[in-house]
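Residues per chain are reported as follows:
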Amino acid sequence: MSLLANKLWVPVRVLLPGRSDLADLRRDPRRDLLAGLTVAIVALPLALGFGVSSGLGAEAGLATAVVAGALAAVFGGSNLQVSGPTGAMTVVLVPIVAEHGPGGVLTVGLMAGVMLVALALLKAGRYMRYVPAPVVEGFTLGIACVIGLQQVPNALGVPKPEGDRVLAVAWRAVAEFARTPNWTAVGFSAAVAAVMLVGARWRPTVPFSILAVIAATVVAQAAGLDGARPIGDLPSGLPAPSLAFLDLGALGNLLAPAVAVAALAALESLLSASVADGMTVGQRHDPDRELFGQGLANIVAPLFGGVPATGAIARTAVNVRTGAGSRLAALTHAAILGAIVFAAAPLVSRIPLAALAGVLLATAIRMVEVGSLRAMARATRSDAVILVLTAAGTLALDLVYAVIIGLAVAVALALRAVAQQARLDQVPLDQGDHSAEEHALLAEHIVAYRLDGPLFFAAAHRFLLELSEVADVRVVILRMSRVTTVDATGALVLKDAVDKLHRRGIVVMTSGVRPGQRQAFDSVGALDLLRIEGREYATTPEAIRAARDHLETAGVLPAPPTAARTGTTAPEESAS
């Protein structure tokens, strides 16, 4: 039993914090504390806003930022990552709230956390790097549009209409505003968004979001404006951990949403950690450990009423820009937000919802990197198609379907591009020591084809069609030294082509089959007929000599003098 426990413990131990993490905390604590304070100031309105947008309330956003932010900082795989509620996750949560209620969201978060831990133990983090850049850019653009549309009701100061489709909800909110305009709310949201956008260009290091929110709150309270609805009462502290929300009977229905949340948390967290690595020198995150940390964070956060969390790109970028060098900065961010929850809940509850809507509108606008989108659209037509489809899918369907669509299209276009590189070219026979007359006779009865590139399912049937149309010759030589890869479909197609030619009375010979590709051919018996008849050769010159001998034996060609058989072949052919 102890041996089994030790085997189970080894992969977990690799994912836990080590002494080097503690040493990093002592390196420059003053700089990390200052960075953590700055990030907390930036994160407060975002945590409140995303909590409100998710449907579980501002307190859920704060609980997520505190609990998930602290756990992901300790157990995650990046020294600079800052985790909490994000806009991308909010996009996924809204339909879950509409269908399953708040308890369903908390259950989904816990299930997703377990899945993330399992992915970490399976060392799946490395595979996230294969997501194409156009898919990432496309869903980022789509998320920005969805976040902006989600803020329309609060920005216009109208009650949120029923529904989980953002386009329909935003349209109904506009119609309600047309009937009963609330220019106070519009003024607050527009002013806060404008201050953030202009301020970010003027002084990027100044947290204009919290300054704008504070100013809006003071004005609303001092003027007693009826149109500026506040957040409402917030609890002074985190609730006691509880599993009361867990409905075991609903786990089956929540499995698909949990998979979607886990996939998004993994993708966004690893993307954010990669961005942090790119902004620094010498920092490299551990993808499997990052999944483990995010998994623990998402298991524990729902116990305190928090929504599913991910690594937050915007907050992580602020953390890096303000000089953070260790996990102490992210821990400080979580601790300061925790202190706000306990000490300043009454003040926070007075923040106008329209002001938070302005913060998220500005955040959505800043998420759109026009330069990156333009570069991606200009790169290739395929990249542009993937980007547009992913963005449109995010807006019209949901994020998970959008990513699936983007990946499927990317794979299909990539296979098409690879398949187009595969060629079947007729090549001239080696002149060797033959006279022009002898060579003309050989060329009349022997044709050589060179297979270039991959022989796999996306391109194999084109080979079969071309080989089936071979003219009436006696011998076909297939030069296969340049075949890069073979799958079962390609091997089967080759077997069919050989059988068809054989039935037509045409002898098929091969040259240059690579040892590493024989397994695929042997698995379907593609070369069995040639092996039985001794028609496999290591080089093309050997195959040509065998083809000539065959034609001489059949009486098609006259037997040359013995001396002619001792001639040499061209150097380049002997290598193929």
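Just above, that's the structure.
It should be emphasised that the depicted structure is a prediction, and the values quoted were computed from it without experimental measurement.

Draft legend 1. Summary view of the overall build of the protein chain. Scanning the protein chain for helices and strands turns up 26 helices and eight strands. Over its C-alpha trace the protein chain gives a radius of gyration of 33 Å, far above what one expects of a compact globule, namely 25 Å for 576 residues. A principal-axis box enclosing the C-alpha atoms of the protein chain has dimensions of 110 × 65 × 50 Å. Residues counted as buried form 51% of the 576 residues belonging to the protein chain. The contacts in the protein chain between residues at least 6 apart in sequence include a share of 83% that link residues at least 24 apart. Of the roughly 26,400 Å² that the protein chain leaves accessible, carbon and sulfur atoms contribute 62%. Counting 45 positive and 43 negative side-chain charges, the protein chain places the averaged centre of each group 8 Å from the other.

Draft legend 2. Fine view of a nonpolar patch on the surface. A cluster of nonpolar side chains, contributed by Val275, Met279 and Ile313, occupies part of the molecular surface with about 190 Å² of accessible area. Take Val275: it is sitting in helix H11 (residues 251-278). A relative accessible area of 30% places Val275 in the partly exposed class.

Draft legend 3. Summary view of the packing of aromatic side chains. For the structure on display, the rule yields two aromatic pairs. With 5.1 Å between their ring centres and 85° between their planes, Phe177 and Trp183 make a pair best called edge-to-face. With 6.2 Å between their ring centres and 40° between their planes, Trp202 and Phe208 make a pair best called tilted. The class of Trp202 is exposed, set by a relative accessible area of 56%.

Draft legend 4. Here's a closer look at unusual backbone geometry. At Lys123, a position not held by glycine, the phi torsion is positive, near 60°. Take Lys123: it is sitting in the loop between helix H5 (87-121) and helix H6 (133-150). Judged by its relative accessible area of 37%, Lys123 falls in the partly exposed class.

Draft legend 5. How the structure looks around the packing of H11 against helix H12 (residues 287-300). Closest axis-to-axis distance for the H11/H12 pair is 10 Å, and the angle between their directions is 125°. Judged by the angle between their axes, H11 and H12 are oblique. As for how H11 packs across H12, the hand of that crossing is right-handed. Between H11 and H12, the residues in contact are Ala266, Ser269 and Leu270 and Pro287, Glu290, Leu291 and Gln294, respectively. Along the lines of polarity and charge, the residues of the contact of H11 with H12 split into four nonpolar, two polar and one charged.

Draft legend 6. Quick look at the side chain of Asn154. Along the chain, Asn154 turns up in helix H7 (residues 152-156). Setting aside residues no more than four positions away along its own chain, Asn154 makes contact with Val52, Ala185, Arg229, Leu353, Ala354 and Ala357.

Draft legend 7. Layout of the side chain of Glu137. Residue position: Glu137 is located in helix H6. Despite its burial, Glu137 remains without a salt bridge, the nearest opposite charge being carried by Arg374 at 12 Å. Not counting residues within four places of it along the chain, the set of residues in contact with Glu137 comprises Ser372, Leu373, Met376 and Leu387.

Draft legend 8. Region of the structure containing helix H18 (residues 381-396). Given a rise of 1.5 Å per residue, 16 residues ought to cover 22 Å, and the 22 Å separating the end C-alpha atoms of H18 matches this to within 8%. Along H18, the positions that sit buried rather than exposed are Asp383, Ile386, Leu387, Thr390, Ala391, Gly393 and Thr394. On an axial view of H18, the arc spanned by its buried residues comes to 160°, and they lie on one face. Opposite its buried face, H18 presents the exposed residues Arg381 and Val388, each directed more than 90 degrees away. Next to the buried residues of H18 lie H6, helix H17 (370-379) and helix H19 (399-421).

Draft legend 9. Looking closely at helix H22 (residues 488-503). A rise of 1.5 Å per residue sets the reference length of H22, with its 16 residues, at 22 Å; its end C-alpha atoms lie 23 Å apart and thus fit the reference within 8%. Of all the positions in H22, only Gly490, Ala491, Val493, Leu494, Ala497, Val498 and Leu501 are classed as buried. Projected down its long axis, H22 carries its buried residues within an arc of 160°, all on one side. A distance of 3.3 Å separates the backbone nitrogen of Thr489 from a side-chain oxygen at the start of H22, and that oxygen is part of Asp487.

Rules used throughout
- Residues numbered from 1 in each chain as written.
- Predicted model: local features only at pLDDT ≥ 70, side-chain atom pairs only at ≥ 80, totals over all residues.
- Heavy atoms only, no water.
- Helix = DSSP H or I, 4+ residues; strand = E, 2+ residues; numbered from the N terminus.
- Rg over C-alpha atoms; globule rule 2.2 N^0.38 Å.
- Buried < 20%, exposed > 50% of the residue type's maximum accessible area, 1.4 Å probe, protein only.
- Contact = heavy atoms within 4.5 Å.
- Areas by Shrake-Rupley, 256 points an atom, 1.4 Å probe, with all protein chains shown as cover.
- Lys, Arg positive; Asp, Glu negative; His and termini not counted.
- Charge placed at Lys NZ, Arg CZ, Asp CG, Glu CD.
- Patch = residues over 30% accessible without salt bridge, like charges linked within 9 Å, V, L, I, M, F, W, Y side chains within 5 Å.
- Salt bridge = Lys/Arg side-chain N within 4 Å of Asp/Glu carboxyl O.
- Phe/Tyr/Trp six-rings, centres within 6.5 Å; stacked < 30°, edge-to-face > 60°.
- Axes fitted to C-alpha atoms, helices over the stretch in contact; angles between N-to-C directions.
- Parallel < 35°, antiparallel > 145°, perpendicular 65-115°, else oblique.
- Left-handed = near helix turned anticlockwise from the far one by under 90°.
- Nonpolar A, V, L, I, M, F, W, Y, C, P; charged D, E, K, R; others polar.
- Expected span 1.5 Å × (residues − 1).
- Arc of directions from axis to C-beta.
- Polar contact = N/O pair within 3.5 Å; in protein donor to acceptor, adjacent residues only side chain to side chain.

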